[in-house]
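Inside the fold
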Amino acid sequence: MRAMLWVVGVVGGALILLGLLLEAVRWLVVIGAIALVAVIVLAFVRGRQMMQHHSAGRR
C-alpha cells in the first residue's frame, strides 16, 4: 500500500512539473515570436532611415 502511494505521488508530481514546463515553453514561444516581430520591424525602419539618409546625401 505504501509503495502504491509513493508511485501515485511521484506520478502526480511529474505530471504537475510537466504541465508547468509545457506552460513555460508556450510562454517562451510567445515571447520569442514577439521578439522576432520586433526585430523585423526595427530592421525595416532602420533600412528605410538609411535609404532616406543616403538619398538625401546625393542631392
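The structure under discussion appears in the preceding block.
Just so you know, the residues in each chain are numbered from 1, in the order the chain's sequence is written. Thresholds applied to this predicted model are a pLDDT of at least 70 for local features of residues and 80 or more for the giving and counting of side-chain atom pairs; totals over whole chains, interfaces and linings are not thresholded and use all residues. Heavy atoms from the whole structure form the basis of all side-chain values; hydrogens and water molecules are not counted.

Okay, the overall build of the protein next. The number of helices and strands found in the protein is one helix and zero strands. To get the radius of gyration, use the C-alpha atoms; to get the globule rule, take the number of residues to the power 0.38 and multiply by 2.2 Å. In terms of overall dimensions, the protein is more spread out than a globule: its C-alpha atoms have a radius of gyration of 25 Å, far above the 10 Å expected for 59 residues. Overall, the C-alpha framework of the protein stretches about 85 × 10 × 5 Å when taken along its three principal axes. Note on classification: 1.4 Å probe, protein chains only; a residue is buried when its accessible area is under 20% of the maximum for its type, exposed when over 50%, partly exposed between these limits. For the protein, the residues scored as buried account for 0% of the 59 residues in total. A 1.4 Å probe and the Shrake-Rupley method give the accessible areas. Residues count as covered only by the protein chains that appear here. Only carbon and sulfur atoms are counted for the fraction: they give 78% of the accessible area of the protein, which is about 5,800 Å². Helix and strand labels come from DSSP, where a helix needs a run of H or I of at least four residues and a strand needs a run of E of at least two; each type is numbered from the N terminus.

Below, the discussion takes up a nonpolar patch on the surface. Residues enter a patch when their relative accessible area is above 30% and they make no salt bridge; the linking distance is 9 Å between like charges and 5 Å between nonpolar side chains (Val, Leu, Ile, Met, Phe, Trp, Tyr). Just to be clear on terms, a salt bridge is a Lys or Arg side-chain nitrogen sitting within 4 Å of an Asp or Glu carboxyl oxygen. Taken together, the side chains of Val7, Val11, Leu15, Leu18, Leu21, Leu22, Val25 and Val29 present a nonpolar region at the surface, about 750 Å² in accessible area. Tracing the chain through its elements places Leu21 in helix α1 (residues 2-58). Residue Leu21 is classed as exposed on the basis of its relative accessible area of 52%.

Enumeration over the complete set of coordinates arrives at one salt bridge. Here Arg26 ties to Glu23 by a salt bridge, and the two come within 2.7 Å at their closest N and O atoms. Of the two residues, Arg26 and Glu23 both sit in helix α1, three residues apart, roughly one turn of that helix. Residue class for Glu23 comes out partly exposed when judged on its relative accessible area of 34%.

Let us look at the environment of Met1. Residue position: Met1 is located in the segment before α1. In sequence terms Met1 and Gly13 are twelve residues apart; their C-alpha atoms lie 18 Å from each other.

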